[in-house]
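What follows is the residue order along each chain.
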Amino acid sequence: MASASEKDRVIIFDTTLRDGEQSPGASMTLEEKLEVADLLDAMGVDIIEAGFPIASNGDFEAVAEIAKRIKRATVAGLARAINADIDRAGEAVKFAQKPRIHTFVSTSPIHLEFQMKKSEAEVLDIITATVTRARNLVADVEWSAMDATRTSIEYLCRTVDAAIKAGATTINLPDTVGYATPDEYRDMFKQVRERVTNSDKAIFSSHCHDDLGLAAANSLAALEGGARQIECTINGLGERAGNAALEEVVMAIKTRGDKLPYVTGIDSTMLTRASKLVAAVTSFPVQYNKAIVGRNAFAHESGIHQDGMLKNQQTYEIMTPASVGVSKTSLVMGKHSGRAAFRDKLKELGYELGENAFEEAFNRMKDLADRKKHVYDEDIEALVGDEMNSGADPIKVESLTVIAGTQGPQLATLTLNIGGTHKTVQARGNGPVDACFNAIKALVPNEAELELYQVHAVTEGTDAQAEVSVRLGENGRSVTAKAADPDTLVASTRAYLAALNRLMVKRTRGPNAQAMAS
Ligand code: KIV
Ligand code: ZN
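Residues numbered from 1 in each chain as written. Chains lettered and ligands numbered in written order. Predicted model: local features only at pLDDT ≥ 70, side-chain atom pairs only at ≥ 80, totals over all residues. Heavy atoms only, no water.

Before going further, it helps to examine the site of ligand 1. Neighbouring ligand 1 are the residues Arg18, Asp19, His102, Phe104, Ser144, Met146, Asn172, Pro174, Thr176, His207 and His209. Thr176 is positioned with one of its side-chain polar atoms (N or O) 2.7 Å from an oxygen atom of ligand 1. Here an oxygen atom of ligand 1 sits 3.0 Å away from a polar atom, N or O, in the side chain of His209. Against a free-state accessible area of 260 Å², the protein chains account for coverage of 95% of ligand 1. Looking at the shell around ligand 1, the elements that each hand over two or more residues are β5 (99-106), β6 (141-146) and β7 (170-175). Grouping the constituent residues of the shell around ligand 1 by class yields 3 nonpolar, 6 polar and 2 charged. (Near = heavy atom within 4 Å. Polar contact = N/O pair within 3.5 Å; in protein donor to acceptor, adjacent residues only side chain to side chain. Areas by Shrake-Rupley, 256 points an atom, 1.4 Å probe, with all protein chains shown as cover. Helix = DSSP H or I, 4+ residues; strand = E, 2+ residues; numbered from the N terminus. Nonpolar A, V, L, I, M, F, W, Y, C, P; charged D, E, K, R; others polar.)

Written out as structure tokens, the structure reads:
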């Protein structure tokens, strides 16, 4: 494997603020753009394409502001092959320490015929004139052949030759419509670089759209063809299906150094932060299973995977969560989780259970996972707390059926296990909770007074567990107990019963135990 110093440096050109912002609905305010630009600069992006200055006054202002404040990265502004665009872009980036004008024109037959209505010869003249104009404004000019991948190689070479002769320092060959396959894209760069005599005077760049889900693969193939700049966006934001995702190309290069002998200047530990910021300011959520930055990218649920992870992280992880700025792997509890992972999770949460209590808690977790989409740490804490408190209780809920709704009366049919004997009763109530509590009173007659009844959701969502607190008072003493279950009525019944069990223990152990018992 090549050592770091032998690897070729790949320039990372981020276009989140330009192509990314062109995603329908992803527009950002000036303040949001500045925040994103600051983070891109801090994480080591080489070139920030800050916007399309001619598009609106807002875009112009954003590019100019970013140009003024960014001290390390190059700041680029986009311009069509039109004098007014180029002048406006030059005006916006002139404040930058390292300004770049990025100008483009279509080169494919379909664009020339239907969109531009120009001949190949006319477009060649336009390239020469516009690149020259841009070069008179700044020293760093990037020229893009829009729809390069659907352009004949012969004509593409003539356009590239003209752009370099006019002074372009970077040549971008975009797969504008996301149509190319990796080998085609690699070969296009190879051929253009071989055929154009002055190709060594420019850096070649890839710009891939993800219409076929190949944007990251195509960008990496371009490197093999000799490109040394990759245009990409955070979270793969961009026109239609988006652009190559910055986090994917950066981590592929970092993780597969054996196959991809390149380095970037990106601090990969900032990738998750950048992803979260861009998702927040654009209100474009990141898909859960998105490579590198999706919330499941370092989460393991199946028992086999969790078991492997506990033995050695490399069994199921090819990069560490820390390398992309995630604090740790998460073993998500679910119906596929095994005992080893559950024990590990309990340890992480600070619980140590005896064998019986552990088995009981494990079974309840599995049961919960069957009924609920996500089992969060809070759910586990609630059910383990429940188990620890009620494990030795002499009276337990065996089953409960409640009829509720607008057609009263509300009815609870409750079966309790009282010291090994099953007893069933049906009770009415003023509402379903009252019916449940009346059923308990019918089976376990008592004078305890309900002093507090409180319900709260353990987590968010309509399938969240309800955690119910019940305080019962008797003869000046009070006991409080909690229980959790996705069914509020089950949680209420269990909590009431747990409090009653505790009250009975107090009765038998209290100072007046003898007197009360008699
Ligand atoms: O996809 C594309 O071709 C572009 C150009 C403007 C570079 O975004
Ligand atoms: Zn694009």
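Taken together, the 3 strands give an open sheet; going across it, the order is β16-β17-β18, and neighbouring strands pair in antiparallel fashion. In the strand order of this sheet, the two ends are held by β16 (449-457) and β18 (477-485), each with one partner. Each strand axis lies, on average, 15 degrees off the axis of its neighbour in the sheet, ignoring direction. Taken together, the 9 bridges between strand β17 (residues 466-474) and β18 define a ladder with antiparallel strand orientation. Bridging from a neighbouring strand, Val468 pairs with Ala483 of β18. (Pairing = 2+ DSSP bridges. Axes fitted to C-alpha atoms, helices over the stretch in contact; angles between N-to-C directions.)

Here Phe95 lies in the loop between α3 (83-93) and β5. Sequence separation of Phe95 and Val75 is 20 residues, and the distance between their C-alpha atoms is 9.4 Å.

This part takes up the pairing of strand β3 (residues 47-51). With respect to burial, β3 is a largely interior element, 5 of its 5 residues being buried. Across 2 bridges, strand β2 (residues 11-14) lies against β3 in parallel orientation. When the bridges of β3 are listed, Asp14 appears paired with Ile48. Bridging between β3 and strand β4 (residues 74-80) involves 4 bridges; their strand directions are parallel. By the bridge assignment for β4, Ile47 is matched with Thr74. Regarding topology, helix α2 (residues 57-69) serves as the crossover connection from β3 to the parallel β4, and that connection is right-handed. (Buried < 20%, exposed > 50% of the residue type's maximum accessible area, 1.4 Å probe, protein only. Right-handed = clockwise from strand over helix to strand, strands pointing away.)

Here the focus is the domain arrangement of the chain. Looking at the assigned domains, one finds that the chain contains domain 1 (15-282), domain 2 (299-388) and domain 3 (393-517). Taking the mean C-alpha position of each, domain 1 and domain 2 sit 44 Å from one another. At the interface, 6 residues of domain 1 touch 7 residues of domain 2. Of all residues in domain 1, Met251, Thr255 and Thr272 give up the largest surface area on contact with domain 2, accounting jointly for 67% of the area buried on that side. Summed over the shared surface of domain 1 and domain 2, the number is 0 salt bridges. Remark: the boundary between domain 1 and domain 2 carries 3 residue pairs in polar contact (both at pLDDT 80 or more). Broken down by secondary-structure element, the contributors of at least two residues to the side of domain 1 that touches domain 2 are α9 (246-255) and α10 (271-282). (Domains from an automatic or database assignment. Contact = heavy atoms within 4.5 Å. Buried area = accessible area lost by both parts, 1.4 Å probe. Salt bridge = Lys/Arg side-chain N within 4 Å of Asp/Glu carboxyl O.)

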